[in-house]
Amino acid sequence: MIRLGVNIDHVATLRNARGEDFPSVIEAGLVCETHGADLITVHLREDRRHIKDNDVILLRQTLKTELNLEMAVTDEMLEFALDVKPDYVCLVPEKRQELTTEGGLDVLSNMDRIGYFIDTLHKNNIKTSLFIDANLEQINAARDVNSYAIEIHTGKYASCRGSAYINEDFYTIQDMCEYASSLDLVVNAGHGLNYNNVQAIASIPQIHELNIGFAIIAKSMFVGLSQAVYEMKHLILNSRYK
Ligand code: PXP
């Protein structure tokens, strides 16, 4: 059964817009996990534009499901992760100016450093994932640095509009999921997935987990967070996209 990770970064974006202490990121995490989220994902960015350190610390203490921390490959973040001990760390590339994470991590050019992060996290019982593009060389590199999982960047696939979501990017993702799984990597995916395009990706048999944020938080404005999570989970579990 595919797992749904709900990324709640943008609850913090809204909170921070007025400098208030609501809406509560912790409450959001608890609502998500009681309505179908299998884990809660947060991205602690270098500039702390949404999630703050204390959000992660409190989520770690209150969640009954699992916590997935997305973070850049920096010493500061590694130290923080070793302190808080989330269940998973997903290493992502990070540029200060970007609106969101724009491309996959270049594992191939940074094998030593990423390998060191992975070893250190594993020694501390934190499972690792690498957010990479659907690319053979990057998948091989992820296997060579001994990552537990990869998360395939679905942003390019998701940016294609139209009713047919089976496009060229979809086929690349499909092939790369099969390939990564044959290397015994756990295969996750995420970025840009929404209520229209999620089912094609969820129909790929090797997919273990999808991490979805913006579409769920946006829909929650109109139907409430519990319903928004429930509807996404329902689509994922009933994906018979052909
Ligand atoms: N996975 C990763 C690694 C991400 O960086 C993000 C965005 O923070 C997501 C998934 C979720 O993307 P979206 O908000 O577009 O659903």
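Please read all numbers here as calculations on a predicted model, not as lab measurements.

Colleague: I'd love a proper account of the site of the ligand, names of residues and values included.
Modeller: Every one of the 13 residues lining the ligand counts as a neighbour, but Glu70, Glu151, Gly192, Gly213 and Phe214 are closest to it. Within the side chain of asparagine 7, an N or O atom sits 3.4 Å from an oxygen atom of the ligand. Glutamate 70 is positioned with one of its side-chain polar atoms (N or O) 3.1 Å from an oxygen atom of the ligand. Protein contacts shield 93% of the accessible area of the ligand, which totals 400 Å² for the unbound molecule. The residue inventory of the shell around the ligand, partitioned by class, reads four nonpolar, six polar and three charged.

Colleague: Now, about the packing of aromatic side chains: what can you tell me, with residues and values included?
Modeller: When we look at a pair of aromatic rings, we describe it by the centre distance and by the angle of the planes. A complete count under the given rule lists four aromatic pairs for this structure. Judged by centre distance (6.5 Å) and plane angle (35°), the ring pair of tyrosine 88 and tyrosine 148 falls under tilted. Taken as a pair, tyrosine 88 in strand 4 (residues 88–91) and tyrosine 148 in the loop between helix 6 (136–144) and strand 6 (149–153) lie far apart in primary sequence, 60 residues in all. For tyrosine 88, a relative accessible area of 11% translates into the label buried. One aromatic cluster is present, formed by Tyr157, Phe170 and Tyr171 through successive ring pairs. Sitting above the plane of the tyrosine 195 ring, lysine 219 keeps its charged end 4.7 Å from the centroid.

Colleague: Describe the packing of helix 2 (residues 25–34) against helix 3 (residues 53–62), and please don't skip the residues or the numbers.
Modeller: Running from N to C, helix 2 and helix 3 cross one another at 40°; their axes reach a closest spacing of 9 Å. Classified by the interaxial angle, the pair formed by helix 2 and helix 3 is oblique. As for the relative orientation of helix 2 and helix 3, their crossing is right-handed in sense. Contact with helix 2, carried on its side by Val25, Ile26, Leu30 and Glu33, involves Asp55, Leu58, Leu59 and Thr62 of helix 3 and no other residues of that element. Looking at side-chain class alone, the contact of helix 2 with helix 3 contains five nonpolar, one polar and two charged residues.

Colleague: Tell me what's going on with the state of the cysteines, and back it up with residues and numbers.
Modeller: Scanning the entire structure with this criterion turns up zero disulfides. Between cysteine 32, a free cysteine, and cysteine 90, which holds the nearest cysteine sulfur, the sulfur-to-sulfur gap is 18 Å. Of all cysteine sulfurs, the one in cysteine 90 lies closest to cysteine 177, which takes part in no disulfide; the gap is 14 Å.

Colleague: Help me get a handle on the pattern of salt bridges, residues and values and all.
Modeller: On inspection of all chains with the given rule, the structure shows twelve salt bridges. One salt bridge connects arginine 3 with glutamate 209, and the closest N-O pair in it is separated by 3.2 Å. Of the two residues, arginine 3 is situated in strand 1 (residues 3–7) and glutamate 209 in strand 8 (residues 207–212); the sequence distance between them amounts to 206 residues. Glutamate 76 is the salt-bridge partner of arginine 48, the closest N and O atoms lying 2.7 Å from each other. You can see arginine 48 sitting in the loop between strand 2 (39–43) and helix 3 and its partner glutamate 76 sitting in helix 4 (residues 75–84), a full 28 residues away along the chain. Among the residues examined, arginine 48 registers a relative accessible area of 16% and is labelled buried. One salt-bridge network, held together by shared partners, links Arg3, Glu66 and Glu209.

Calculation rules
Residues numbered from 1 in each chain as written. Predicted model: local features only at pLDDT ≥ 70, side-chain atom pairs only at ≥ 80, totals over all residues. Heavy atoms only, no water. Near = heavy atom within 4 Å. Polar contact = N/O pair within 3.5 Å; in protein donor to acceptor, adjacent residues only side chain to side chain. Areas by Shrake-Rupley, 256 points an atom, 1.4 Å probe, with all protein chains shown as cover. Nonpolar A, V, L, I, M, F, W, Y, C, P; charged D, E, K, R; others polar. Phe/Tyr/Trp six-rings, centres within 6.5 Å; stacked < 30°, edge-to-face > 60°. Helix = DSSP H or I, 4+ residues; strand = E, 2+ residues; numbered from the N terminus. Buried < 20%, exposed > 50% of the residue type's maximum accessible area, 1.4 Å probe, protein only. Lys NZ or Arg CZ within 6 Å of the ring centre and 35° of its normal. Axes fitted to C-alpha atoms, helices over the stretch in contact; angles between N-to-C directions. Parallel < 35°, antiparallel > 145°, perpendicular 65-115°, else oblique. Left-handed = near helix turned anticlockwise from the far one by under 90°. Contact = heavy atoms within 4.5 Å. Disulfide = S-S within 2.5 Å. Salt bridge = Lys/Arg side-chain N within 4 Å of Asp/Glu carboxyl O.

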